[in-house]
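Coordinate inspection notes
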Amino acid sequence: MKYKKIQEAVFLERPNRFIAKVKIGEAEEIVHVKNTGRCKELLPYGTTVYLSDEAGKERKTRYDLVAVKKQNRIINMDSQAPNVVVREALEQGKLLQDILEIRPETTYGDSRFDFYVKTKEKEIFIEVKGVTLEEDNICAFPDAPSERAVKHVEELITAGKEGYEGYIIFVIQIEGVLCIHPNDITHKAFGEALKKARDAGINILAYDCVVTPEELVLNQPVPVYLDFKKELFQMVSPLMEWYAKGHRKLPWREDPKAYNVWISEIMLQQTRVEAVKPYYAGFMEELPDIKALAMVEEEKLLKLWEGLGYYNRARNLQKAAIKLVEEYDGKMPQDWEELQKLPGIGSYTAGAISSIAYGKAAPAVDGNVLRIISRLTLNEEDITKDKTKKRVEKEILEVMPRKACGDFNQALMELGATVCIPVGKPKCEICPWEKICLAHLAGREEEFPKKEAKKPRTIEEKTILIIEDEERYVLHKRPEKGLLAGMYEFPMLEGKQSKNRVLSYLKEIGLEILQIKKLESSKHIFTHKEWHMDAYFIRTDELVPKDCTLKQQQWILADRKTAQQEYPLPSAFSCYAKYLNILQGSGTIGKIK
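Below: a short report on this structure. (Residues numbered from 1 in each chain as written. Predicted model: local features only at pLDDT ≥ 70, side-chain atom pairs only at ≥ 80, totals over all residues. Heavy atoms only, no water.)

Some points on helix H13 (residues 347-358)
Each full turn of the α-helix corresponds to 3.6 residues, which orients residues three or four apart in the same direction. In this model H13 runs 16 Å from its N-terminal to its C-terminal C-alpha over twelve residues, within 8% of the 16 Å that 1.5 Å per residue would give. Within H13, ten of the twelve residues are buried, which leaves it mostly tucked inside the rest of the structure. Among the residues of H13, those classed as buried are Ser347, Tyr348, Thr349, Ala350, Gly351, Ala352, Ile353, Ser354, Ser355 and Ile356. Buried residues along H13 sit in contact with helix H7 (258-268), helix H12 (336-339), helix H15 (386-399) and helix H16 (405-418). Directly after H13, the chain includes Gly359, whose backbone phi takes a positive value near 70°. (Helix = DSSP H or I, 4+ residues; strand = E, 2+ residues; numbered from the N terminus. Expected span 1.5 Å × (residues − 1). Buried < 20%, exposed > 50% of the residue type's maximum accessible area, 1.4 Å probe, protein only. Contact = heavy atoms within 4.5 Å.)

Dropping the structure here:
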């Protein structure tokens, strides 16, 4: 809609809700206010206002106050304008298609809806709400209690049950806002009514407007959040500024191609950044692209992974690489949903690849992000539940800056890894969210996140045998399924065995023992169990049992160089690898000559 003639003025006061006193040049003038709401936040003394010149009409006041200047933007506050711009949009086919009839101010039940619209297939009632209340680029409605607004929503629900389609359209008389939400502080009943309407199938939409002093035009859709968390919107700017000033320089960030992001994110699962760096460097040197990963022999792959643990991660990397070569022409897909079809890639890793490598809007929510968001919003939900993760993914996607998706996800990761840490007291004094984090403001940071207590791990006792002769060592390959599947280990007996029991066992399989020495005990923690290990160092005259073949024992004899380069030894045995002078892990292939 357009106004015929606009006059700029300065607001002085508002004697009542219908009129205002303004200054035009040096003259003071009484003008009509085309909004009977309170609008106190829009009309402070001295603000610039815009008047529609209605000269020639028979009326007491020449001017209508229709817009104001708030900071650097124009806000239209003409309460009749929203219906006009919606009517224009309907007539232009911008809101609904195949319209046969548009009828304003139509009675239904005890209400008069703003529009009745008939299309080829439907009969529709539309209720329009003008919105001018804005703070920090976030809008709310209503700005004052409105029983009438609640009544209209309830009548729309009733109409919906009788076969009509219902729409509530918020016309935000401002340009470029982030979102709109029910103003529960002012009138909680309206927000509850909106939720009932949503659940009943009523369409709840919002649009901002292109606003100038002379014109108001319906513009872009704006998100409507009925379960609103202001902190989620407030967090974005300080987080991005903090990340830009001083994030860690990491090798995979220097060249964030999809392959690099993928490998780094899989390695970083359950593993510290500093521990991953040398593994990442060695892996990328040996397997620089998807094709190389698809073709590598499994034992070489596992050797590159040696010491990182959770070896199925490496196997799934190769399975995914093979699928990429066979079905995707050797290229990583860009879309979040498509990436999750690959082995070993869940929603978090898919989100990281899609956003960081391709700039796509995709959430990357892991334990770090769940923790910091639960503290920020003081959320009591169990973060181990899938429904909690899905809710946070939705919330993150809603506030994600579309021009910096990858940086936003990495900033969340960075904050959780370096400031809002999982163990110990979070470093709130250097957190960009210090002034908005609800847990911090309540002094309850260490109470969050909430999660169900883990079941105690089972404890298994083992006896490890480090057996060598003058040149060779004994290793054993684990079964292809189960814990540490397909990896190599030292010979192991179940339970904690005495020196005499070990000697008896070795004698039974035909070994002549020159020396046996008890080593230090060790413990290794898996996800659901712990190994408590005793160990013995054993020197034998010759590693060929007399009465039992190597095949029966499933032993492998290897010199130090072969053991180092060809047989991946899990980190569970890191305490004992040193007795064979084996350098374990960190991409050791090719380092031993």
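Overview of the environment of Pro568
For Pro568, the position within the fold is in the loop between helix H20 (560-566) and helix H21 (574-577). On a C-alpha basis, the gap between Pro568 and Leu302 in space is 5.8 Å, while along the polypeptide they are 266 residues apart. Leaving out residues up to four positions away in the same chain, Pro568 has contacts with Glu299, Leu302, Lys303, Glu306, Met487 and Tyr488.

Some points on the sheet that holds strand E8 (residues 111-119)
Within a sheet, each strand pairs with its neighbour through backbone hydrogen bonds, oriented either parallel or antiparallel. Reading across the sheet, the six strands line up as E7-E8-E9-E12-E14-E15 and stay open at both edges, with mixed pairing between neighbours. Edge positions in the open sheet fall to strand E7 (99-108) and strand E15 (215-221), since each of these has one partner strand only. In this sheet, neighbouring strand axes are inclined to one another by 30° on average, regardless of whether the strands run parallel or antiparallel. Pairing analysis gives five bridges linking strand E14 (residues 203-212) to E15, with the strands arranged antiparallel. Within the sheet, the bridge partner assigned to Val210 lies in E15 and is Val217. (Pairing = 2+ DSSP bridges. Axes fitted to C-alpha atoms, helices over the stretch in contact; angles between N-to-C directions.)

What to know about a negative patch on the surface
A cluster of like negative charges, contributed by Glu470, Glu471, Asp559 and Glu566, occupies part of the molecular surface. When you line up the elements, Glu471 lands in the loop between strand E16 (458-468) and strand E17 (473-477). The exposure class assigned to Glu471 is exposed, which follows from its relative accessible area of 59%. (Patch = residues over 30% accessible without salt bridge, like charges linked within 9 Å, V, L, I, M, F, W, Y side chains within 5 Å. Areas by Shrake-Rupley, 256 points an atom, 1.4 Å probe, with all protein chains shown as cover. Salt bridge = Lys/Arg side-chain N within 4 Å of Asp/Glu carboxyl O. Lys, Arg positive; Asp, Glu negative; His and termini not counted. Charge placed at Lys NZ, Arg CZ, Asp CG, Glu CD.)

Brief notes about the packing of H7 against H13
Contact geometry of H7 with H13 gives a least axis separation of 9 Å together with a crossing angle of 145°. Pair H7 / H13 crosses with right-handed handedness. Within the contact between the two elements, H7 uses Ala258, Val261, Trp262, Glu265 and Ile266 and H13 uses Tyr348, Thr349, Ala352, Ile353, Ile356, Ala357 and Tyr358. Counted by class, the contact of H7 with H13 contains ten nonpolar, one polar and one charged residues. (Left-handed = near helix turned anticlockwise from the far one by under 90°. Nonpolar A, V, L, I, M, F, W, Y, C, P; charged D, E, K, R; others polar.)

Details of the pattern of salt bridges
Taken as a whole, this structure holds 46 salt bridges when the rule is applied. Here Arg391 ties to Glu381 by a salt bridge, and the two come within 2.8 Å at their closest N and O atoms. With Arg391 in helix H15 and Glu381 in the loop between helix H14 (367-377) and H15, the pair connects residues that are ten residues apart, well separated along the chain. Between Lys385 and Glu452 there is a salt bridge, with the nearest N and O atoms lying 3.6 Å from each other. Of the two residues, Lys385 is situated in the loop between H14 and H15 and Glu452 in the loop between helix H17 (438-441) and E16; the sequence distance between them amounts to 67 residues. One connected set of salt bridges, linked through shared partners, spans Glu192, Lys195, Arg198, Asp199 and Asp227.

A few points about the pairing of strand E1 (residues 6-16)
The pairing of E1 with strand E4 (residues 48-53) spans five bridges and is classified as antiparallel. When the bridges of E4 are listed, Gln7 appears paired with Leu51. As paired strands, E1 and strand E2 (residues 19-24) are joined by four bridges and run antiparallel to one another. Its bridge partner lying in E2, Asn16 is registered against Ile19. Joining the antiparallel neighbours E1 and E2 is a turn of two residues.

Focus: the environment of Ile74
Examined against the element boundaries, Ile74 turns out to sit in strand E6 (residues 73-76). Judged by its relative accessible area of 16%, Ile74 is buried. As a C-alpha pair, Ile74 and Val211 span 137 residues in sequence and 6.2 Å in three-dimensional space.

Overview of the sheet that holds strand E11 (residues 138-141)
Read across the open sheet, the three strands follow the order E10-E11-E13; overall the sheet is mixed. If you trace the sheet from one side to the other, it starts and ends with strand E10 (133-135) and strand E13 (179-182), each paired once. Sheet twist, expressed as the average angle between the axes of neighbouring strands with direction ignored, equals 30°. Bridging between E10 and E11 involves three bridges; their strand directions are antiparallel. The residue bridging Leu133 from the neighbouring strand is Ala140, located in E11.

Quick look at the nonpolar core
By size, the foremost hydrophobic cluster in this structure holds 71 residues, and its most contacted members are Trp262, Ile263, Phe283 and Leu293. In this structure, Leu293 is in contact with Tyr259, Trp262, Ile263, Phe283, Leu287, Leu301, Leu317, Gln318 and Ala321, ignoring residues within four places of it in sequence. With 45 residues, the next largest nonpolar core counts Phe11, Leu65, Val68 and Leu156 among its residues. (Core = buried A, V, L, I, M, F, W, Y, C linked by side-chain atoms within 4.5 Å.)

Section: the layout of surface pockets
In this structure, the second largest pocket encloses a volume near 820 Å³. Around the second largest pocket, the lining is made up of 36 residues, and of these Thr36, Ser79, Gly130, Phe141 and Arg148 lie nearest the centre. For the lining of the second largest pocket, the secondary-structure elements that each account for two or more residues are strand E3 (27-33), helix H1 (81-91), E8, strand E9 (123-131), E11 and helix H2 (147-161). Of all the elements, E9 adds the most residues to the lining of the second largest pocket, at five residues. Tallied by class, the residues present in the lining of the second largest pocket amount to 13 nonpolar, twelve polar and eleven charged. (1 Å grid on protein atoms, 1.4 Å probe; cavity = no way out; pocket = protein on both sides within 12 Å on 5 of 7 lines; lining within 4 Å. Points joined across faces, edges and corners; volume = space filled by probe spheres on them.)

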